[in-house]
Amino acid sequence: KIRIYKNGWENKVKMPKQKLFLRKADMTDLDMLFEWANNELVRQNAFNTEQISYEEHKKWFKELLDDSKQIQFIMYSGSEPIGQARLSIHMDEAEIDYSIASEKRGMGYGKELIHLLQKIVSNEYTSIRKLVAKVKTSNAASICCFRKNGFSETYSQYEYDMTKCRSEGYHI
């Protein structure tokens, strides 16, 4: 269904022609977001790959809803929840974290979700001057979504796991 090209992927599955919109999350979204957050691919693409306990998620979500520097959205197609996005605001920048429900991936919703975020920030959060996304290099789908929405790569981060050399019994 998805063709791979030199510069990314092309979507062969089309999303239904229903209105897409974002609404702010509330406590009724707790269980759905818990399920989405623990999806195998979401955990694989997250910087913290560990599964999340329900109690941990519940505590985090309550704190998030009370935090004026974080805004959690749910994206809908008609009456169906499709994905989630969070803005973490730091001065005049906001970092984006998002995911699409597993059964809705590969249909172009990621690109549309990011585009809706850009519109909302432009119109409703005028103190935000820059949107930032941190994406693992292995997450080709997210990289493509951000590029299609005009984001550009500004730097790469390289890491070395010191426990590797210690476990192999040598020191640098």
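If you're wondering where the values come from, they're calculated on a predicted model, not measured in any experiment. (Residues numbered from 1 in each chain as written. Predicted model: local features only at pLDDT ≥ 70, side-chain atom pairs only at ≥ 80, totals over all residues. Heavy atoms only, no water.)

1. What about the nonpolar core?
What tends to happen in soluble globular proteins is that the nonpolar side chains get buried as a cluster. Quick reminder of the rule: Put simply, buried Ala, Val, Leu, Ile, Met, Phe, Trp, Tyr and Cys residues joined by side-chain atoms within 4.5 Å make one nonpolar core. Throughout this description, buried means an accessible area under 20% of the type-specific maximum (1.4 Å probe, protein chains only), exposed means over 50%, and partly exposed covers the range between. Comment: elements are numbered from the N terminus, with helices defined as DSSP H or I runs of at least four residues and strands as E runs of at least two. Any two residues having at least one pair of non-hydrogen atoms within 4.5 Å are treated as being in contact.
Ranked by size, the top nonpolar core spans 27 residues in total, and within it Leu87 and Tyr98 carry the most contacts. Contributing elements (two or more residues each) for this core: strand S3 (20-24), strand S4 (70-77), strand S5 (80-90), strand S6 (93-100), helix H4 (109-124) and helix H5 (140-148). It is H4 that provides the largest number of residues to this core, a total of seven residues. Aside from chain neighbours lying at most four places away, what touches Leu87 is Lys69, Gln70, Ile71, Phe73, Ala94, Glu95, Ile96, Leu117, Val121 and Leu131.

2. Brief notes about the packing of H4 against H5
Two quantities define a packed helix pair, namely the angle between the helix axes and the distance between the axes. Rules: Axis definition: a line fitted to C-alpha atoms, limited for helices to the stretch in contact. Angles are taken between N-to-C directions and run from 0 to 180 degrees. If an angle is under 35 degrees, it is roughly parallel; if it is over 145, roughly antiparallel; if it lies from 65 to 115, roughly perpendicular; otherwise it is oblique. In this scheme the handedness of a crossing depends on how the near helix is turned from the far one: anticlockwise by less than a right angle means left-handed, clockwise means right-handed. All residues other than Ala, Val, Leu, Ile, Met, Phe, Trp, Tyr, Cys, Pro, Asp, Glu, Lys and Arg, Gly among them, are scored as polar; the first ten of these are nonpolar and the last four charged.
Packing of H4 against H5 brings their axes to within 9 Å, and their N-to-C directions diverge by 45 degrees. Comparing the axis directions of H4 and H5 gives the class oblique. Crossing angle aside, the handedness with which H4 passes H5 is right-handed. Each of Gly110, Lys111 and Ile114 in H4 lies in contact with H5, whose residues at this interface are Cys145, Phe146 and Lys148. Within the contact of H4 with H5, the residues separate by chemical class into three nonpolar, one polar and two charged.

3. So, the layout of surface pockets
Rules: Two kinds of site are reported from a 1 Å grid over the protein atoms alone, namely cavities, where a 1.4 Å probe fits but cannot get out, and pockets, open sets with protein on both sides within 12 Å along at least five of seven lines, and residues are called lining when an atom falls within 4 Å of a point. Grid points are joined across faces, edges and corners, and a volume is the space filled by probe spheres set on the points.
Approximately 960 Å³ is the volume attributed to the second largest pocket. Taken together, 22 residues line the second largest pocket, and the ones lying closest to its centre are Ala133, Lys134, Val135, Glu153 and Tyr155. For the lining of the second largest pocket, the secondary-structure elements that each account for two or more residues are strand S7 (130-133) and H5. Per element, the largest residue contribution to the lining of the second largest pocket is four residues, and it comes from S7. Its residues assigned to classes, the lining of the second largest pocket comprises nine nonpolar, six polar and seven charged.

4. A short note on the pattern of salt bridges
Note the cut-off: One speaks of a salt bridge when a side-chain nitrogen belonging to Lys or Arg is within 4 Å of a carboxyl oxygen belonging to Asp or Glu.
With the rule as written, the count across this model stands at nine salt bridges. Arg23 is paired through a salt bridge with Asp29; the nearest N and O atoms lie 2.6 Å apart. Where Arg129 meets Asp92, a salt bridge forms, and the shortest distance between an N and an O atom there is 3.6 Å. Here Arg129, found in the loop between H4 and S7, pairs with Asp92, found in the loop between S5 and S6; they are 37 residues apart in sequence, far enough to count as distant.

5. Quick look at the sheet that holds S6
We apply this condition: Strand pairing follows a simple DSSP-based rule, namely that at least 2 bridges must link the two strands.
Strand order in the open sheet made by the five strands is S3-S4-S5-S6-S7, with mixed pairing throughout. Pairing within the sheet leaves two strands with one partner each, and these edge strands are S3 and S7. On average, each strand axis in the sheet is tilted by 30 degrees relative to the strand beside it, whichever way the strands run. Pairing geometry for S3 and S4, over five bridges, is antiparallel. By the bridge assignment for S4, Leu22 is matched with Met75. In this fold helix H1 (residues 30-37) packs onto S4 and S5, with an angle of close to 85 degrees to the strand it touches most, S5.

6. A closer look at unusual backbone geometry
Its identity is not glycine, yet Met91 carries a phi of approximately 55 degrees, on the positive side. Examined against the element boundaries, Met91 turns out to sit in the loop between S5 and S6.

7. Some words on the confidence of the model for the chain
The line we're drawing: For every residue, the predictor reports its confidence as pLDDT, a number between 0 and 100.
Averaged over the chain, the pLDDT score is 84; the fraction of residues at 70 or greater is 84%. Scored below 50 in pLDDT, residues 1-13 makes 23 contacts in the model with residues more than four places away or belonging to other chains.

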